[in-house]
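Each chain, written out:
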Amino acid sequence: MRVHHFDCARMLEIEPADGPGSPLKPAHGVSHVLVVETDASGLVLVDAGIGAGDIADPSGRLMDDWVEMTRPALDPATTAAAQIEALGLSPSDVRHIVVTHLHRDHAGGLSDFPDAAVHLFEAERADGGKTPAQLAHGPKWVTYDSGPGDHWNGFDGVQSLDGVAEDILLIPLHGHTPGHAGVAVRDGDRWLLHAGDAYMYHGEVDRPEPVTHPLMELVQAGGEVDREQRLAGVARLRELVLDPGNGVEVFSAHDPWEFARYL
């Protein structure tokens, strides 16, 4: 397999939360999307970012208040479909999309791949996201129960994907939304764990005493549905990050400094 890292919703510039002495520079917010080239299952996306339909009709599909708050670039070249073409690959080869959740900056690109199977927890499909217009094309849902499943690195209820031969797993990380998921992808001798919006700033997981980002924490608090449940998942993610010998690399959807590791 080969894994590509895309930013599919470049957003407003944010400061790091570590203060004036931070070695980090201000950076634009991202929507971190994975494109996985597989041997047996075509192209597999993890999240879909903002899509062509959102850029054509931001008021109708993204909503004006969200656009004003996040200031996405709305550049057609940033869609997953356009970036796949820029690699010399075909968007029609996207056979599977695994979504962490159905918020607008994760699900807008689904309509650019209408023939792909869309994998998610049933609780997330039932919740329906924030912008129904993004799902009006009728995605080909493949849903999973949040109950019994496999055990993986301290998480229970983990689901392998129907019709996907490779090691790509749906990880229960509920709380940001009712069926929010992490997605684990085996990449050679390591695992990549896309944690979606379970957390939004690396300081929440890369040190024993968490540090939140004031702006990102405000966004998180305004959107989460079960804080206790979400933080329980973040605590386990922190244990993974602080144990570098386990072969798992964790990153979230919107932290630009995490995204920069893969450029």
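Read on for an overview of the structure. (Residues numbered from 1 in each chain as written. Predicted model: local features only at pLDDT ≥ 70, side-chain atom pairs only at ≥ 80, totals over all residues. Heavy atoms only, no water.)

Attention now goes to the overall build of the protein chain. A tally of helices and strands in the protein chain yields 9 helices and 14 strands. For the protein chain, the C-alpha radius of gyration of 17 Å lies close to 18 Å, the compact-globule estimate for 263 residues. Classification of the 263 residues of the protein chain by burial places 54% in the buried group. In the protein chain, of all internal contacts separated by at least 6 residues, the share reaching a separation of at least 24 is 62%. If you average the places of the 18 positive and of the 42 negative side-chain charges in the protein chain, the two averages end up 2 Å apart. (Helix = DSSP H or I, 4+ residues; strand = E, 2+ residues; numbered from the N terminus. Rg over C-alpha atoms; globule rule 2.2 N^0.38 Å. Buried < 20%, exposed > 50% of the residue type's maximum accessible area, 1.4 Å probe, protein only. Contact = heavy atoms within 4.5 Å. Lys, Arg positive; Asp, Glu negative; His and termini not counted. Charge placed at Lys NZ, Arg CZ, Asp CG, Glu CD.)

Below, the discussion takes up the nonpolar core. Of all hydrophobic cores here, the largest spans 21 residues; its most connected members are L45, I84, V94, I97, L110 and F113. The dominant element in this core, judged by the number of residues it contributes, is helix α4 (residues 80–86), at 3 residues. Every residue in contact with I97, bar those within four places of it in the chain, is listed here: L45, D47, L110, F113, A116, A117, V118 and H119. Residues V3, V36, V46 and L192 belong to the second largest nonpolar core, which totals 20 residues. (Core = buried A, V, L, I, M, F, W, Y, C linked by side-chain atoms within 4.5 Å.)

Non-glycine residue D47 carries a positive phi angle of around 65°. Even without being a glycine, L74 presents a positive backbone phi close to 55°. Overall, the relative accessible area of 25% leaves L74 in the partly exposed class.

Attention now goes to the pairing of strand β11 (residues 168–172). Of all 5 residues making up β11, 5 are buried, and the element is well covered by its neighbours. Every second residue of β11 is oriented toward a common face, with I168, L170 and P172 on one face and L169 and I171 on the other, all of them buried. Relative to β11, strand β10 (residues 155–160) runs antiparallel, the two being bridged by 2 bridges. Bridge pairing in β11 places S160 opposite L169. Relative to strand β12 (residues 181–187), β11 runs antiparallel, the two being bridged by 5 bridges. (Pairing = 2+ DSSP bridges.)

Turning our eyes to something else, we now look at the packing of aromatic side chains. Counted according to the given criterion, the structure contains 3 aromatic pairs. Seen in terms of ring centroids, W152 and W191 are 5.3 Å apart; in terms of plane orientation they differ by 70°. Their pairing is edge-to-face. Linking W152 in strand β9 (residues 150–152) with W191 in strand β13 (residues 190–194), this pair joins segments that are 39 residues apart in sequence. Judged on exposure class, the residue W152 and its partner W191 are both buried. For the pair Y201 and W257, a centre-to-centre distance of 5.8 Å together with 90° between the ring planes defines the contact as edge-to-face. Linking Y201 in the loop between β13 and α7 (214–223) with W257 in helix α9 (residues 256–259), this pair joins segments that are 56 residues apart in sequence. (Phe/Tyr/Trp six-rings, centres within 6.5 Å; stacked < 30°, edge-to-face > 60°.)

On the surface, M69, L215, L218 and V219 cluster together into a nonpolar patch covering about 360 Å² of accessible area. For the nonpolar patch, the element with the highest residue contribution is α7, accounting for 3 residues. Given the relative accessible area of 44%, M69 is considered partly exposed. (Patch = residues over 30% accessible without salt bridge, like charges linked within 9 Å, V, L, I, M, F, W, Y side chains within 5 Å. Areas by Shrake-Rupley, 256 points an atom, 1.4 Å probe, with all protein chains shown as cover. Salt bridge = Lys/Arg side-chain N within 4 Å of Asp/Glu carboxyl O.)

With 15 residues, helix α8 (residues 227–241) ought to run about 21 Å at 1.5 Å a step, and its terminal C-alpha atoms sit 21 Å apart, in line with that. The set of residues buried in α8 consists of R230, G233, V234, L237, R238 and L240. Projected onto a plane normal to the axis of α8, the buried residues spread over an arc of 155° and lie on a single side. Lining the buried residues of α8 we find β10, β13, α7 and β14 (248–251). At the N-terminal end of α8, a side-chain oxygen is found 3.4 Å from the backbone nitrogen of E228, two or three residues along, and the residue is D226. (Expected span 1.5 Å × (residues − 1). Arc of directions from axis to C-beta. Polar contact = N/O pair within 3.5 Å; in protein donor to acceptor, adjacent residues only side chain to side chain.)

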